[in-house]
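Structural overview for review
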Amino acid sequence: MTSARRAASELHPATRGFGSAADAYERGRPDYPAAAIAFLVERLGLGPGRVVVDLAAGTGKLTRLLVPSGAEVIAVEPIAEMRAKIEGARVLDGAAEAIPLPDASADAVTVGQAFHWFRAEEALREIDRVLRPGGGLALVWNMRDETDAIHAAVSDILAPLERDTPRGRKSDWAEVIGATERASFDHAQVVDEDAFVERFLSVSFVASAADDARASVEAQLRALARGAGTPIRLPYVTDVYVAFKD
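Please read all numbers here as calculations on a predicted model, not as lab measurements.

**Some points on the overall build of the chain**
The helix and strand tally for the chain stands at twelve helices and seven strands. Within the chain, counting contacts between residues at least 6 apart in sequence, those at least 24 apart form 76% of the total. Total accessible area on the chain is roughly 10800 Å²; 50% of this is exposed by carbon and sulfur atoms.

And the structure:
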């Protein structure tokens with residue numbers, strides 16, 4: 001077994017739900033605000049002649065927004081069903097702990113909504129290996145604004161299934177990667193009932209739950225959506241952390 005295959009086989013058990021939920025993930029998850037992408041492009045120096053690796057690219061939510069920069073975009077994703085949704089970039093089967101690229105082959109690495117799944121020390125060593133001197137690492141997070149009544153109600157519905165599942169909000173990412181810069185951007189997603197339901201059925205620990213538990217969550221989400229009326233506006237804060245290799 002190659003190192004990439006071995007690393008992929010060691011993914012957190014909760015991620016097994018992403019394969020079956022790839023369609024829901026693509027339809028239901030928010031994109032990223034234009035201001036955050038512009039910040040990434042400027043700070044990472046993306047443009048023609050540059051190479052950026054979008055690590056744990058999922059269905060390509062961040063990948064496709066980097067393509068207009070003119071840089072060569074390489075998406076690395078371990079889950080086949082997610083990988084099949086990515087368009088407009090070179091796509092590789094691989095994991096953060098075993099990136100299938102040569103040493104010093106990238107000018108930048110981005111990670112959207114995924115670093116909490118990585119074994120941080122191993123992933124950071126691999127990222128350092130593939131980055132050229134002066135290259136940048138950027139983590140991007142759409143964080144749900146739980147002061148919003150709808151988001152708060154969703155959290156109450158999902159909480160019984162969460163248990164110890166890794167979540168983006170549980171770590172100080174600036175400290176983890178040694179970030180020298182952080183920026184935050186307001187963002188919002190406007191959804192109808194079906195997209196609202198798919199947004200939260202695509203959460204890892206919901207997608208990987210038993211059928212009866214997932215059906216219960218879906219029923220509660222639909223009731224919440226119907227009570228709120230559609231379209232529903234879901235507010236987020238998009239946090240970006242940037243660190244550079246010496």
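The rest of the description comes next.
**Some points on the packing of aromatic side chains**
Summed over the entire model, instances satisfying the criterion amount to five aromatic pairs. Considering the side-chain rings of Phe39 and Phe185, the 5.9 Å spacing of their centres and the 55° angle between planes classify their relative orientation as tilted. In this pair, Phe39 is assigned in helix H4 (residues 34-44) and Phe185 in strand S6 (residues 181-191), connecting sequence segments 146 residues apart. With 5.6 Å between their ring centres and 75° between their planes, Phe115 and Trp173 make a pair best called edge-to-face. A residue pair is termed long-range when its members are at least 10 positions apart, and Phe115 in the loop between strand S4 (106-112) and helix H7 (120-130) and Trp173 in helix H9 (residues 173-177) qualify at 58 residues. Across the pair, Trp173 and Phe115 agree in class, each one buried. Members of the aromatic cluster, each reached through a chain of ring pairs, are Phe115, Phe118, Trp141 and Trp173.

**Digging into the side chain of Asp54**
Residue position: Asp54 is located in strand S1 (residues 51-55). Comment: no salt bridge for buried Asp54; closest opposite-charge side chain is Arg64, at 9.2 Å. A polar contact of 2.5 Å, which involves the side chain of Asp54, links it to the side chain of Thr63. The contacts of Asp54, once residues within four sequence positions are left out, are Leu62, Thr63, Leu66, Ile74, Ala75, Val76, Thr110, Val111 and Gly112.

**Some remarks on unusual backbone geometry**
In this model, Thr230 is joined to Pro231 through a cis peptide bond whose omega is 5°. The residue Pro231 is located in the loop between helix H12 (211-228) and strand S7 (232-244) in this model. For Ala56, which is not a glycine, the phi torsion comes out positive at approximately 55°. If you trace the backbone, Ala56 turns up in the loop between S1 and helix H5 (63-66).

**Considerations on H12**
Over its 18 residues, H12 runs 26 Å from end to end, which matches the ideal 26 Å to within 8%, given 1.5 Å per residue. Residues of H12 that are buried: Val217, Leu221, Arg222, Leu224 and Ala225. Down the axis of H12, the sector holding all buried residues measures 160°, keeping them to one side. Across H12 from its buried face, at more than 90 degrees, point the exposed residues Asp212, Arg226 and Gly227.

**Thoughts on the sheet that holds S7**
A sheet is described by the order of its strands in space; here seven strands give the open sequence S3-S2-S1-S4-S5-S7-S6, paired in mixed fashion. Each having just a single partner strand, strand S3 (90-92) and S6 make up the two edges of the open sheet. The sheet shows a mean angle of 20° between the axes of neighbouring strands, taken without regard to direction. In this sheet, strand S5 (residues 131-144) lies alongside S4 in parallel orientation, the contact comprising six bridges. Across the sheet, residue Ala106 finds its bridge partner in S5, namely Leu131. Packing of H7 onto the sheet brings it into contact with S1, S4 and S5, and relative to S5 it is tilted by some 135°.

**Some remarks on the environment of Leu40**
Looking at the element boundaries, Leu40 is found in helix H4. Taking the relative accessible area as the measure of exposure, Leu40 reaches 1% and is therefore buried. Not counting residues within four places of it along the chain, the set of residues in contact with Leu40 comprises Gly45, Leu46, Leu62, Leu66, Ala138, Val140 and Val240.

**So, the packing of helix H8 (residues 149-162) against H12**
Relative orientation of the contacting elements H8 and H12 amounts to 170°, with a least axis distance of 10 Å. With respect to H12, the element H8 is oriented roughly antiparallel. Taking contact as the criterion, the partners of Ile150, Ala153, Val154, Ile157, Leu158 and Leu161 in H8 are, on H12, Ala213, Val217, Gln220, Leu221, Leu224 and Ala228. Along the lines of polarity and charge, the residues of the contact of H8 with H12 split into eleven nonpolar, one polar and no charged.

**Section: the pairing of strand S2 (residues 72-76)**
Most of S2 is tucked away: four of the five residues are buried. Summarising the sheet, S1 and S2 pair through five bridges and their orientation is parallel. Looking at the pairing, Asp54 lines up with Ala75 of S2. Where S2 meets S3, three bridges bridge the pair, whose relative direction is parallel. Paired with Ile74 across the bridge in S3 is Arg90.

How each quantity is defined
Throughout, a residue's number is its position along its own chain's written sequence, starting from 1. The predicted origin of the model limits local features to residues at a pLDDT of at least 70 and limits the giving and counting of side-chain atom pairs to 80 or more, whereas totals for whole chains, interfaces and linings rest on all residues. Side-chain figures throughout are based on the complete set of non-hydrogen atoms in the structure, without hydrogens or water. In this text, helices come from DSSP runs of H or I with a minimum length of four residues, and strands from runs of E with a minimum of two, each type numbered from the N-terminal end. The contact rule is simple, with two residues in contact once any of their heavy atoms fall within 4.5 Å. Only the protein chains shown count as cover for residues, and all accessible areas are computed by the Shrake-Rupley method using a 1.4 Å probe. Side-chain rings of Phe, Tyr and Trp (the six-membered ring for Trp) are treated as a pair once their centres are within 6.5 Å; stacked means planes under 30 degrees apart, edge-to-face means over 60, and tilted covers the remaining angles. Accessible area is worked out with a 1.4 Å probe on protein chains only. A residue is then buried under 20% of its type maximum, exposed over 50%, and partly exposed in between. The charged-residue count follows a simple rule in which Lys and Arg add positive charge and Asp and Glu add negative charge, with His and chain termini not counted at all. We count a salt bridge whenever a side-chain nitrogen from Lys or Arg sits within 4 Å of a carboxyl oxygen from Asp or Glu. In protein, a polar contact requires one atom able to donate a hydrogen and another able to accept it; more generally it is a pair of N or O atoms within 3.5 Å, and residues adjacent in sequence count only if both atoms are side-chain atoms. By definition here, a helix of n residues has an expected span of 1.5 Å times n minus one. The arc in question is the one traced by the directions running from the helix axis out to the C-beta atoms. By definition, two strands form a pair when at least two bridges between them are found by DSSP. Only the contacting stretch of a helix is used when fitting its axis, a line to C-alpha atoms as for every element, and angles between N-to-C directions run 0 to 180 degrees. An angle below 35 degrees is read as roughly parallel, one above 145 as roughly antiparallel, one from 65 to 115 as roughly perpendicular, and any other as oblique. Basically, the charged four are Asp, Glu, Lys and Arg, the nonpolar ten are Ala, Val, Leu, Ile, Met, Phe, Trp, Tyr, Cys and Pro, and anything else, Gly included, counts as polar.

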